[in-house]
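Structural features, examined
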Amino acid sequence: MTLAPSVLAADFGRLEAHAREAIDAGADWLHIDVMDGHFVPNISFGVPVMRGLRALADETDTPFDVHLMIEEPDRYLEDFAEAGASVITVHQEACPHLHRTVQAIHALGCRAGVAVNPATPLVMLEDVLGDLDLVLVMSVNPGFGGQSFIPGSTDKVRRLRQMTSGAQTAGAGRPLIEVDGGVSPDNARALLDAGADVFVAGSAVFRGDVAENVAAFRRAEMRTA
Ligand SMILES: O=C(CO)[C@@H](O)[C@H](O)COP(=O)(O)O
Ligand SMILES: [Fe+2]
């Protein structure tokens, strides 16, 4: 299980220290939720905040996992790549020329991800799957942290895993499957069994004791099905 805490749920008044707690506790990636107030109803933050976390990411060798919930993401790909993104994920619903966008992400030297909203069927990704490094299954409607997990998402992950088992990507044998929204130690085991690889968690990591929260995910991982 790759655990990617979403810093959207961190205390912005002590963002670096709070993110460091998660990394020190064993988190693998830092998930960066960028919201523009158009594609989603909320505005979060952009490149400058990511730059503020760059020294921490470099020092701890922690990849930035950038989730762009913005319209016309192509306009900003270069900025996020320069700010240190390892993975850049765009939304299928925001990209009329998705294949071109994926190519642009790769040309910048980043891994390319595509996210699908809860109402978007997986078939929308069928023709680009072979070009993707990661598929993000949204398990809430994007725009806010702290929402409840939509139960059908586990089955969506399972169906995606079946779809991708034969797919090839440039580096690995298949794209990673990431799940995002309402993810917690309570649903992590079922998501693992369904085939998820990367677990984004905001509230479940940053609310309360961060080290204990990360440990709870690791315990869920160890549980047998
Ligand atoms: O992309 C999003 C929301 O749009 C997520 O990454 C949330 O930030 C996850 O927060 P929790 O649901 O885990 O609190
Ligand atoms: Fe996200």
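Residues numbered from 1 in each chain as written. Chains lettered and ligands numbered in written order. Predicted model: local features only at pLDDT ≥ 70, side-chain atom pairs only at ≥ 80, totals over all residues.

Quick reminder of the rule: UniProt positions are given in the numbering used here, feature names are shortened, and annotations may be inferred rather than shown by experiment.
By the naming in an unreviewed UniProt entry, the protein chain is Ribulose-phosphate 3-epimerase, taken from Rubrivirga litoralis. Under the UniProt heading Catalytic activity (unreviewed entry), the entry covering the protein chain gives this text: "D-ribulose 5-phosphate = D-xylulose 5-phosphate". Listed in UniProt under the heading Pathway (unreviewed entry), the comment for the protein chain reads: "Carbohydrate degradation."

1. So, the sheet that holds strand 6 (residues 134-138)
As a reminder of what qualifies: Here, strands pair whenever DSSP counts at least two bridges between them. Helix and strand assignments come from DSSP, with helices taken as H or I runs of at least 4 residues and strands as E runs of at least 2, each series counted from the N terminus. In this analysis, axes come from line fits to C-alpha atoms, helices being fitted only over the stretch in contact, and the angle between any two N-to-C directions falls in the range 0 to 180 degrees.
Pairing within the open sheet is parallel, and its 8 strands lie in the order 1-8-7-6-5-4-3-2. Two strands close off the open sheet at either side, each with one partner strand: strand 1 (2-5) and strand 2 (30-35). The sheet shows a mean angle of 25° between the axes of neighbouring strands, direction not considered.

2. Section: the site of ligand 1
Operational definition: Nearness here is judged by the C-beta atom: place it from the backbone, and if it falls within 6 Å of a molecule or strand, the residue counts as near that partner. Residues are grouped as follows: Ala, Val, Leu, Ile, Met, Phe, Trp, Tyr, Cys and Pro are nonpolar; Asp, Glu, Lys and Arg are charged; every other residue, Gly included, is polar.
Every one of the 23 residues lining ligand 1 counts as a neighbour, but Ser6, Pro142, Gly145, Gly202 and Ser203 are closest to it. Residue assignment for the shell around ligand 1 shows that the elements contributing at least two residues are strand 2, strand 3 (64-69), strand 8 (198-201) and helix 7 (203-206). Looking at the shell around ligand 1, its residues break down into 10 nonpolar, 11 polar and 2 charged.

3. Brief notes about the nonpolar core
Soluble globular proteins tend to bury their nonpolar side chains together. We count it as follows: Take the buried Ala, Val, Leu, Ile, Met, Phe, Trp, Tyr and Cys residues, join any whose C-beta atoms are within 7 Å, and the set you get is a nonpolar core. Here a residue counts as buried when 20 or more other C-beta atoms fall within 10 Å of its C-beta, as exposed when 12 or fewer do, and as partly exposed in between; the C-beta atoms come from the backbone.
If you look at the biggest cluster of nonpolar residues, it comprises 65 residues, and the most contacted ones within it are Leu30, Val66, Ile88, Val135 and Phe199. The biggest single contributor to this core is strand 6, with 5 residues.

4. Comments concerning the UniProt feature "binding site: a divalent metal cation" (unreviewed entry) in the protein chain
Taking the numbering used here, the UniProt-annotated feature "binding site: a divalent metal cation" (unreviewed entry) corresponds to His31, Asp33, His67 and Asp180. Considering the C-alpha atoms alone, the annotated residues occupy 150 residues of sequence yet fold into one spot, their largest mutual distance being 10.5 Å. In this structure, aspartate 33 sits in strand 2. Under the C-beta neighbour-count criterion, aspartate 33 is labelled buried, with 24 such atoms within 10 Å.

5. Structural notes on unusual backbone geometry
Glycine aside, residues mostly have negative phi angles, and peptide bonds mostly take the trans form. Within the chain, aspartate 61 stands out as a residue other than glycine whose phi angle is a positive 55°. Looking at where aspartate 61 falls in the secondary structure, it is placed in the loop between helix 2 (47-60) and strand 3. A positive phi angle is found at glutamate 72, which is not glycine, with a value near 45°. Within the secondary structure, glutamate 72 is located in the loop between strand 3 and helix 3 (77-82). When the 15 C-beta atoms within 10 Å are taken as the criterion, glutamate 72 is described as partly exposed.

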